[in-house]
Amino acid sequence: MKRQDPYQPQPQHKFSFGLWTLGNRGRDPFGDAVRPPISPGQIVEMLAEVGAWGVNLHDNDLVPIEASAAERDRIVRDFKKACAQNGIVVPMATVSLFFHPVFRDGAFTANDPEVRAYAVQKTMRAMDLGAELGAKIFVLWGGREGTETDGCRRADEAVKRLREAVNYLCDYSIQQKYGYRFALEAKPNEPRADIYMSTTGHYLGFIPTLDHPEMVGVNPEVAHEHMAGLNFMHAVAQAWEAGKLFHIDLNDQAPGRYDQDLRFGSANLKSAFWLVKFLEDVGYDGSRHFDAHAYRTEDYEGVKDFARGCMRTYLILKEKAASWNADKEIAAILAELSSAPKTTPAVGKYSKAGAAKLLAHVFDKDAILRKRLPYERLDQLTVDILTGVR
Ligand code: GLT
Ligand code: MN
Ligand code: MN
């Protein structure tokens, strides 16, 4: 009997892609599109063919910005039908506050009050659209919320404007009973020279200042933290620990480059491994959303290869993470690392008695230093597992 492919994506893996990802036509700042346009319905068919679970969208990925109300309704009806026929769900919606030239100076943080008001109105309409399609997560990525010259506004004013907009949108969701959870996505630069809220950590500091912090979390993206030279998994872990990992954008990126949005795991397999291991170890159960696109060399068959590759790599790394966790030598090293003499005073929560005990204890620093920390071996075992020789 033929063994079933263990890396075949299943609905419970919650793999999703944006309409803008499979629909990406390979345009870049230096060259025009290489792939012909395809419709949202065709993208949904492709997603079903490759075994994905969900599709995410910006308002204008589906409904052109100038569409009439009647056109909008027809487009939405057809799209819902395509999703139902292909067994594809819409877990997340978002809004384009970056493509139209009106947002050249930002959206929620723009200096022109009319642009700020339009941005909020456009987002409310995108929330209506997402709710109609069943989305429960609403992503906000402020790609244009930034500067080329810091003479244009005081940076703390931008923070205040952003807060005002997010507060407004939370209240709109409550009033409409949409049940949204907002996921804020950071990026350090591109398309603006400097974007406010440049890392996930910035957003984690911003969220507690909101009127409804419980409704707002983050959508960290691999590439965006790598562009800032940061350890992505650490950002994800901090978001998770704060109860704020509402969504995640998986892709890949070599540090120091332009915004690459590469196939998941294709640039730095080892950091992708630590990430997948983290998500699986803690039991993250949200979407595994791939915000990436195929190489510009590809036709739509190549785009399917790209999408299959993202999911396959995730599932391979998930299997490797299980092997890592089950490895006896690794388990023995981990146990050794955190062992200590029984006489070690516990720190834990402060108490007067505990503090007195701690102050009285004499630490044998030489003995502590004699303890092995075999991280070289630990890391090589990881490499052996990842390369398949173990
Ligand atoms: C855009 C950006 C992404 C964001 C999307 C959501 S759009 O493609 O590069 O990182 O997640 O607005
Ligand atoms: Mn993204
Ligand atoms: Mn990106």
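The model shown is predicted, which means the values in this text are computed figures rather than measured ones. (Residues numbered from 1 in each chain as written. Chains lettered and ligands numbered in written order. Predicted model: local features only at pLDDT ≥ 70, side-chain atom pairs only at ≥ 80, totals over all residues. Heavy atoms only, no water.)

(A) The arrangement of the coordination of the manganese ion (ligand 2) in detail. Distances from the manganese ion (ligand 2) to its protein donors, namely Glu185 (OE), Glu221 (OE), Asp249 (OD) and Asp291 (OD), fall within the range 1.9 to 2.2 Å. Note that the manganese ion (ligand 2) binds six donor atoms; their angles at the metal cover 76 to 165 degrees, and the shape is octahedral. Positions of the donor residues of the manganese ion (ligand 2), expressed as sequence spacing, correspond to E-x35-E-x27-D-x41-D. (Donors = N, O, S within 2.8 Å, 3.2 Å for Na, K, Ca; no water. Tetrahedral: all angles 85-135°; square planar, octahedral: opposite > 155°, others 65-115°.)

(B) Region of interest: the site of ligand 1. In the vicinity of ligand 1, the contacting residues are Trp20, His58, Thr94, Phe98, Trp141, Glu185, Glu221, His224, Asp249 and Asp291. Between an oxygen atom of ligand 1 and a side-chain N or O atom of Glu221, the distance comes to 2.8 Å. When the free accessible area of ligand 1 is taken as 310 Å², the share hidden by the protein chains comes to 91%. In the shell around ligand 1, the residues fall into three nonpolar, three polar and four charged. (Near = heavy atom within 4 Å. Polar contact = N/O pair within 3.5 Å; in protein donor to acceptor, adjacent residues only side chain to side chain. Areas by Shrake-Rupley, 256 points an atom, 1.4 Å probe, with all protein chains shown as cover. Nonpolar A, V, L, I, M, F, W, Y, C, P; charged D, E, K, R; others polar.)

(C) View of the sheet that holds strand S4 (residues 137–141). Taken in spatial order, the eight strands line up as S8-S6-S4-S3-S2-S1-S10-S9 in an open sheet, and their pairing is parallel. Two strands bound the open sheet, and with one partner strand each, they are strand S8 (216–218) and strand S9 (249–250). Of the pairings in the sheet, the one linking S4 to strand S6 (residues 181–185) comprises five bridges and is parallel in character. Paired with Ile137 across the strands is Arg181, a residue of S6. Most of the contacts of helix H11 (residues 300–326) go to strand S1 (residues 15–18), to which it runs at about 145 degrees, and overall it touches S1, S9 and strand S10 (288–290). (Pairing = 2+ DSSP bridges. Helix = DSSP H or I, 4+ residues; strand = E, 2+ residues; numbered from the N terminus. Contact = heavy atoms within 4.5 Å. Axes fitted to C-alpha atoms, helices over the stretch in contact; angles between N-to-C directions.)

(D) Geometry of the pairing of strand S2 (residues 54–58). In terms of residue burial, S2 counts as a mostly covered element, since five of its five residues are buried. Alternating positions in S2 separate into two faces, Gly54, Asn56 and His58 on one and Val55 and Leu57 on the other, with burial throughout. The pairing of S1 with S2 spans three bridges and is parallel. Bridging across to S2, Gly18 finds its partner in Asn56. Relative to strand S3 (residues 92–94), S2 is paired through two bridges, and the arrangement is parallel. (Buried < 20%, exposed > 50% of the residue type's maximum accessible area, 1.4 Å probe, protein only.)

(E) Fine view of the coordination of the manganese ion (ligand 3). Distances from the manganese ion (ligand 3) to its protein donors, namely Glu221 (OE), His224 (NE2) and Asp261 (OD), fall within the range 2.1 to 2.5 Å. One chain supplies every donor to the manganese ion (ligand 3), and in sequence these donors are spaced E-x2-H-x36-D. A separation of 4.5 Å is found between the manganese ion (ligand 3) and the manganese ion (ligand 2), which are bridged by Glu221. Linking Glu221 in the loop between S8 and helix H8 (222–227) with Asp261 in the loop between S9 and helix H10 (269–282), this pair joins segments that are 40 residues apart in sequence. Relative accessible area serves as the criterion here: at 11%, Asp261 is assigned to the buried category.

(F) Quick look at helix H12 (residues 328–337). Considered for burial, the residues of H12 that qualify are Ile330, Ile333 and Leu337. What you see down the axis of H12 is that its buried residues fit within an arc of 60 degrees, all on one side. In the core, the buried residues of H12 are packed alongside H11 and helix H15 (375–387). The N-terminus of H12 is capped by Asp327, whose side-chain oxygen sits 3.0 Å from the backbone nitrogen of Glu329. (Arc of directions from axis to C-beta.)

(G) Structural context of helix H9 (residues 232–241). Along H9, the residues classified as buried are Phe232, Met233, Ala235, Val236 and Ala239. End-on view of H9: buried residues confined to an arc of 160 degrees, all on one side of the axis. Opposite its buried face, H9 presents the exposed residues His234, Gln238 and Glu241, each directed more than 90 degrees away. Buried-residue contacts for H9 involve helix H7 (200–206), S8, H8, S9 and H10. Two to three positions downstream of the cap, the backbone nitrogen of Met233 sits 3.1 Å from a side-chain oxygen, assigning the N-cap of H9 to Asn231.

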